[in-house]
Amino acid sequence: STGVVLATRPGAKFSKTTVTALKAFEQELGVQPPVGFWDPLGLSKDGDVEAFKRRRSVELKHGRIAMLATMGYITPEIAGKFPGYLSPSAGLKFADVPNGLAAISKV
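From a predicted model like this one, the values you see are computed outputs, not experimental measurements. (Residues numbered from 1 in each chain as written. Predicted model: local features only at pLDDT ≥ 70, side-chain atom pairs only at ≥ 80, totals over all residues. Heavy atoms only, no water.)

Caption draft 1: Representation of the overall build of the protein in the model. Per the secondary structure count, the protein includes 3 helices and 2 strands. Sequence-ordered secondary structure for the protein, helices as α and strands as β, is α-α-β-β-α. Counting the 107 residues in the protein, one finds 12% classified as buried. For the protein, restricting intrachain contacts to residue pairs at least 6 apart in sequence, the fraction spanning at least 24 positions comes to 23%. Total accessible area on the protein stands at roughly 8700 Å², and carbon and sulfur atoms take up 61% of it. (Helix = DSSP H or I, 4+ residues; strand = E, 2+ residues; numbered from the N terminus. Buried < 20%, exposed > 50% of the residue type's maximum accessible area, 1.4 Å probe, protein only. Contact = heavy atoms within 4.5 Å. Areas by Shrake-Rupley, 256 points an atom, 1.4 Å probe, with all protein chains shown as cover.)

Next comes the structure, spelled out in structure tokens:
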């Protein structure tokens, strides 16, 4: 049986409702001992399952976007850039565009 571990300031009191709401997510994927369900900001203290699922899906989406952005930054450094022109009318080649934030001033 896994219990709920609450890391708080000394003397903090929790109502039965708060502890029950925390236990509502104790069996979710990613909950691991010894911490159990870890919610330091208290976003799930109301026990709203729909809000929990939405936050979880948004977290996954943002994580995937961050991974793609990292790969977009690293890949040209490793594999090189496309041959040819990014903008033929402006005479701008792919090789002329620097990586990272410096690209904003070129494009």
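Caption draft 2: Here's a closer look at the layout of surface pockets. In this structure, the largest pocket occupies an estimated 480 Å³ of space. Forming the walls of the largest pocket are 16 residues, and the residues nearest its centre are Phe-37, Trp-38, Phe-52, Arg-56 and Glu-59. Tallied by class, residues from the lining of the largest pocket come to 9 nonpolar, 3 polar and 4 charged. (1 Å grid on protein atoms, 1.4 Å probe; cavity = no way out; pocket = protein on both sides within 12 Å on 5 of 7 lines; lining within 4 Å. Points joined across faces, edges and corners; volume = space filled by probe spheres on them. Nonpolar A, V, L, I, M, F, W, Y, C, P; charged D, E, K, R; others polar.)

Caption draft 3: How the structure looks around the side chain of Ser-44. When you line up the elements, Ser-44 lands in the loop between helix 1 (16–23) and helix 2 (49–79). Only 3.0 Å separates the side chain of Ser-44 from the side chain of Arg-55, close enough to count as a polar contact. (Polar contact = N/O pair within 3.5 Å; in protein donor to acceptor, adjacent residues only side chain to side chain.)

Caption draft 4: Here's a closer look at the packing of aromatic side chains. Within this structure, the stated rule accounts for 1 aromatic pair. Ring centres 5.6 Å apart and planes at 70 degrees place the aromatic pair Phe-82 and Phe-94 in the edge-to-face group. Residue Phe-82 is located in the loop between helix 2 and strand 1 (85–87), and its partner Phe-94 is located in the loop between strand 2 (92–93) and helix 3 (103–106); the two are separated by 12 residues in the primary sequence. Judged by relative accessible area, which is 63%, Phe-82 ranks as exposed. Using a relative accessible area of 25% as the deciding quantity, one classes Phe-94 as partly exposed. (Phe/Tyr/Trp six-rings, centres within 6.5 Å; stacked < 30°, edge-to-face > 60°.)

Caption draft 5: Spotlight on the side chain of Asp-39. Within the secondary structure, Asp-39 is located in the loop between helix 1 and helix 2. For the buried Asp-39, which has no salt bridge, the nearest side chain bearing the opposite charge is Arg-55, at an N-O separation of 5.9 Å. (Lys, Arg positive; Asp, Glu negative; His and termini not counted. Salt bridge = Lys/Arg side-chain N within 4 Å of Asp/Glu carboxyl O.)

Caption draft 6: Structural view of helix 2. Taking 1.5 Å per residue, 31 residues should reach 45 Å; helix 2 reaches 44 Å between its end C-alpha atoms and fits that length. The sharpest bend along helix 2 comes to roughly 25 degrees, located at Tyr-73, with the proline Pro-76 sitting one to four residues further on. By the N-cap criterion, in which a side-chain oxygen at the helix start approaches the backbone nitrogen of a residue two or three places on, helix 2 is capped by Asp-48, the distance to Glu-50 being 3.2 Å. Taken from the residues just after helix 2, Gly-80 is the one with a positive phi, measuring 90 degrees. (Expected span 1.5 Å × (residues − 1). Bend = angle between axes of the 7 residues up to and from the residue.)

Caption draft 7: The environment of Gly-47, seen in detail. One can find Gly-47 in the loop between helix 1 and helix 2. For the pair formed by Gly-47 and Phe-25, sequence separation is 22 residues and the distance between their alpha carbons is 7.8 Å.

Function cannot be read off these values alone, since they describe shape.
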